[in-house]
Amino acid sequence: MLKTNLKKERRQINIINFFLIKLLHRRLLIVKKIGLKKQKTGQEIFDKNREKEIKNHLLKEIPDQENIEYYQEIFDIILKSSREVQKNLKKGRA
Ligand SMILES: C=C(O[C@@H]1C=C(C(=O)O)C=C[C@H]1O)C(=O)O
């Protein structure tokens, strides 16, 4: 079977992955800060209204509506993982 050359596209994906990691890292630092603030006040980790707001906003930003499920799935995982990180925060440590 003839193998098509994917080098150029794979390089593009590598670059995008690099930026995704940087952005996810920045997001996670903020998630942790919020987690610590919630810990201090005893506020619930899960905020249904906030997550609904994020999802509604996201739906408006999606440029290719035919792929909406792709974005929804990714954001569901990001939100769920963020809650997990907040749950596992050691007292006072970000
Ligand atoms: C980060 C927060 O905590 C949780 C995680 C969220 C997120 O990852 O964006 C949003 C709402 C909360 O369920 C928050 O309350 O803002």
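Now for a quick tour of the structure. Everything quoted here is computed from the prediction, not taken from an experiment. (Residues numbered from 1 in each chain as written. Predicted model: local features only at pLDDT ≥ 70, side-chain atom pairs only at ≥ 80, totals over all residues. Heavy atoms only, no water.)

1. Details of the pattern of salt bridges
- According to the stated counting rule, one finds four salt bridges in the structure shown.
- Here R50 and E53 are joined by a salt bridge, their closest N and O atoms 2.6 Å apart. Taken together, the residues span about one helical turn, with R50 and E53 both in helix α2 (residues 48-61) at a distance of three residues. (Salt bridge = Lys/Arg side-chain N within 4 Å of Asp/Glu carboxyl O. Helix = DSSP H or I, 4+ residues; strand = E, 2+ residues; numbered from the N terminus.)

2. Digging into the site of the ligand
- Lining the immediate surroundings of the ligand are 13 residues, of which R27, K38, D47, E51 and S82 lie closest.
- E51 has a polar side-chain atom sitting 2.5 Å from an oxygen atom of the ligand.
- In isolation the ligand offers 360 Å² of accessible surface; the protein chains occlude 93% of this area.
- The set of elements that each furnish at least two residues to the shell around the ligand consists of α1 (7-41), α2 and α3 (68-87).
- The dominant element in the shell around the ligand, judged by the number of residues it contributes, is α3, at four residues.
- Along the lines of polarity and charge, the residues of the shell around the ligand split into five nonpolar, two polar and six charged. (Near = heavy atom within 4 Å. Polar contact = N/O pair within 3.5 Å; in protein donor to acceptor, adjacent residues only side chain to side chain. Areas by Shrake-Rupley, 256 points an atom, 1.4 Å probe, with all protein chains shown as cover. Nonpolar A, V, L, I, M, F, W, Y, C, P; charged D, E, K, R; others polar.)

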